[in-house]
Amino acid sequence: QVQLVESGGGLVQAGGSLRLSCAASGRTFSSYVMGWFRQAPGKEREFVAGINWTGEFTDYADSVKGRFTISRDNAKNTVYLQMNSLKPEDTAVYYCAARSRGPVTTREGGYDYWGQGTQVTVSP
């Protein structure tokens, strides 16, 4: 069982930056694939970024490539999402997710554990 707690969301102006953190419980964190998803009002939840257990492989949605960076610190049981050059269309609730088996996937159903989410609002 893994519990995930996101933090770092908030209100920022367009062009600004935020860093989200996701703290995980459990001694097996280092073996999990981790992902970030987001859900904007009136839209379905979508994949943002994923990272394998070593941190050597990452994947990003086209809409955030070159602006967002996912990373992890297995010693701290934490995964991060650095978000730069933020746009109003990045406004959403951001969720951290953990996948116990298999490679990084963009499929929401491929993740076993989810955090409660943190709100990110980007003003024009």
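First, a word on what this report is: a plain description of the structure on this page. Because the structure is a prediction, the values reported are computed rather than measured.

**Concerning the environment of A61**
- Following the sequence through the fold, A61 ends up in the loop between β6 (58–60) and β7 (68–73).
- Spatially, the C-alpha atoms of A61 and S25 are 26 Å apart, while their sequence positions differ by 36 residues.

**Quick notes on the state of the cysteines**
- Applying the stated criterion across every chain yields a total of 1 disulfide.
- Here C22 connects covalently by a disulfide to C96, the sulfurs 2.1 Å from one another. Handedness here is read from the sign of the S-S torsion; for C22 and C96, about -80 degrees, the answer is left-handed. Separated by 74 residues along the polypeptide, C22 in strand β3 (residues 18–24) and C96 in strand β9 (residues 92–99) bring together distant segments of the chain. Each member of the pair C22 and C96 is classed as buried.

**Some points on the environment of A98**
- Along the polypeptide, A98 turns up in strand β9.
- Considering only alpha carbons, one finds A98 and D112, 14 residues apart in sequence, at a separation of 5.9 Å.
- Excluding anything up to four places from it in sequence, A98 contacts L4, Y32, V33, M34, Y111, D112 and Y113.

**Some points on the side chain of D90**
- Along the chain, D90 turns up in the loop between β8 (78–83) and β9.
- Among the polar contacts listed, one links the side chain of D90 to the side chain of R38, at a separation of 2.9 Å.
- Other than its neighbours up to four places away in sequence, D90 contacts R38, R67, F68, S85, V120 and V122.

**Examining the sheet that holds β3**
- Across the sheet, 4 strands lie side by side as β1-β3-β8-β7; this open sheet has antiparallel pairing. Bordering the open sheet on either side are β1 (4–7) and β7, each of which pairs with just one other strand. On average, adjacent strands in this sheet sit at an angle of 15 degrees to one another, irrespective of strand direction.
- Examined bridge by bridge, β1 and β3 share 4 bridges and lie antiparallel to one another. Bridge pairing links E6 to C22 in β3.

Definitions and cut-offs
- Residues numbered from 1 in each chain as written.
- Predicted model: local features only at pLDDT ≥ 70, side-chain atom pairs only at ≥ 80, totals over all residues.
- Heavy atoms only, no water.
- Helix = DSSP H or I, 4+ residues; strand = E, 2+ residues; numbered from the N terminus.
- Disulfide = S-S within 2.5 Å.
- Buried < 20%, exposed > 50% of the residue type's maximum accessible area, 1.4 Å probe, protein only.
- Contact = heavy atoms within 4.5 Å.
- Polar contact = N/O pair within 3.5 Å; in protein donor to acceptor, adjacent residues only side chain to side chain.
- Pairing = 2+ DSSP bridges.
- Axes fitted to C-alpha atoms, helices over the stretch in contact; angles between N-to-C directions.

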